[in-house]
Amino acid sequence: MAMPNFSDMMKQLKDAGAKMQDVQKQLEKLVSEGEAGGGMVKAKVNGRQKLLELTIDPEIMDDVDMVQDLVVAAVNKALEASAQLAQNEIQKAAGGMINPADLMKHFGQGE
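Cut-off values and rules
Starting from 1, residues in each chain are numbered consecutively following that chain's sequence as written. Only residues with pLDDT of at least 70 get local features here, since the model is predicted, and only at 80 or more are side-chain atom pairs given and counted; chain-wide, interface and lining totals rely on the full set of residues. Each side-chain value is worked out from all heavy atoms of the structure, with water and hydrogens disregarded. Here, strands pair whenever DSSP counts at least two bridges between them. Here a helix means four or more residues in a row that DSSP labels H or I, a strand means two or more in a row labelled E, and each is numbered from the N terminus. Working convention: axes come from line fits to C-alpha atoms, limited for helices to the stretch in contact. Angles between N-to-C directions cover 0 to 180 degrees. Contacts are residue-level and defined by heavy atoms, with any inter-residue pair within 4.5 Å sufficient. Residue exposure (1.4 Å probe, protein chains only): buried if accessible area is under 20% of the type maximum, exposed if over 50%, otherwise partly exposed. Nonpolar core, defined: a set of buried Ala, Val, Leu, Ile, Met, Phe, Trp, Tyr and Cys residues in which side-chain atoms within 4.5 Å join the residues together. One less than the residue count of a helix, multiplied by 1.5 Å, gives the span that helix is expected to have. Orientation is classified from the angle alone, with under 35 degrees giving roughly parallel, over 145 giving roughly antiparallel, 65 to 115 giving roughly perpendicular, and any other angle giving oblique. Each crossing gets its handedness from the near helix: less than a right angle anticlockwise from the far helix is left-handed, clockwise is right-handed. Ten residue types, Ala, Val, Leu, Ile, Met, Phe, Trp, Tyr, Cys and Pro, are classed as nonpolar, four, Asp, Glu, Lys and Arg, as charged, and the remainder, Gly among them, as polar.

Quick word on the sheet that holds strand β2 (residues 41–46)
Moving on, step 1. Strand order in this open sheet of 3 strands is β1-β2-β3, and the pairing throughout is antiparallel. Edge positions in the sheet fall to β1 (31–36) and β3 (51–56), since each has one partner strand and no second. Each adjacent strand pair in this sheet contributes to an overall mean axis angle of 15 degrees, direction not counted.
Moving on, step 2. Of the strand pairs in this sheet, β1 and β2 are connected by 6 bridges, and their pairing is antiparallel. Across the sheet, the residue bridging to Gly34 is Ala43, located in β2.
Moving on, step 3. Those strands touched by helix α2 (residues 64–93) are β1, β2 and β3, and its axis lies near 150 degrees from that of β1.

Structure follows, in structure tokens:
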């Protein structure tokens, strides 16, 4: 079994680290939205899972329980969309990276 070229592996890891830093910066700029109650409550989050904006239709403000439920639903939808967006961006950046399971096989660990 040929030994892996550690110089090439280190370069790949360094390149991957730089790509991941770029992805983290990009994720801050990407915005996902979620809404509930037919748009009565809207939430916007960035790709780093940070709530950026919350909009509540003033006409529903007299029903506190409904507002609370709709806020939770809208934020959760926005977070789910953001998580999917982030996962897609990370997968794009990680294309061609060393598979950790393969690396462990070279050292006699793993299946």
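A look at the environment of Asn46
Moving on, step 1. With respect to the secondary-structure elements, Asn46 resides in strand β2.
Moving on, step 2. On the accessibility criterion, Asn46 (5% relative accessible area) is buried.
Moving on, step 3. C-alpha separation for the pair Asn46 and Ala81, spaced 35 residues apart in sequence, amounts to 9.7 Å.
Moving on, step 4. Apart from the residues within four sequence positions on either side, Asn46 is in contact with Leu27, Glu28, Leu30, Val31, Leu52 and Ser82.

Considering the nonpolar core
Moving on, step 1. In this structure, Ala36, Val41, Ala43, Val45, Ile60, Val67, Leu70, Val71, Ala74, Val75 and Ala78 together form the largest nonpolar core, which totals 11 residues.
Moving on, step 2. Put simply, the parts of the chain that give this core at least two residues each are β2 and α2.
Moving on, step 3. Broken down by element, the residue count for this core peaks at 6 residues, all from α2.

Topic: helix α1 (residues 6–29)
Moving on, step 1. Here α1 is 24 residues long and its end C-alpha atoms lie 35 Å apart, about the 34 Å a rise of 1.5 Å per residue gives.
Moving on, step 2. Residues Met9, Ala16, Val23 and Leu27 constitute the buried set of α1.

Some remarks on the pairing of β1
Moving on, step 1. Residues Ser32, Gly34 and Ala36 point to one face of β1 and are all buried, whereas Val31, Glu33 and Glu35, pointing to the other face, are not buried.
Moving on, step 2. Hairpin connection of β1 to β2: 4 residues between the antiparallel strands, including Gly37 at a positive phi of 65 degrees.

Describing the packing of α1 against α2
A pair of packed helices can be characterised by two numbers: the angle between their axes and the separation between those axes.
Moving on, step 1. Running from amino to carboxyl end, α1 crosses α2 at an angle of 155 degrees, the nearest separation of the two axes being 9 Å. Classed by the angle they form, the pair α1 and α2 counts as roughly antiparallel. Along this stretch, α1 crosses α2, giving a crossing that reads as right-handed. In contact with Lys19, Met20, Val23, Gln26 and Leu27 of α1, α2 contributes Ala86, Glu89, Ile90 and Ala93.
Moving on, step 2. Its residues assigned to classes, the contact of α1 with α2 comprises 6 nonpolar, 1 polar and 2 charged.

In short, the description is geometric, and any link to function would need to be established separately.
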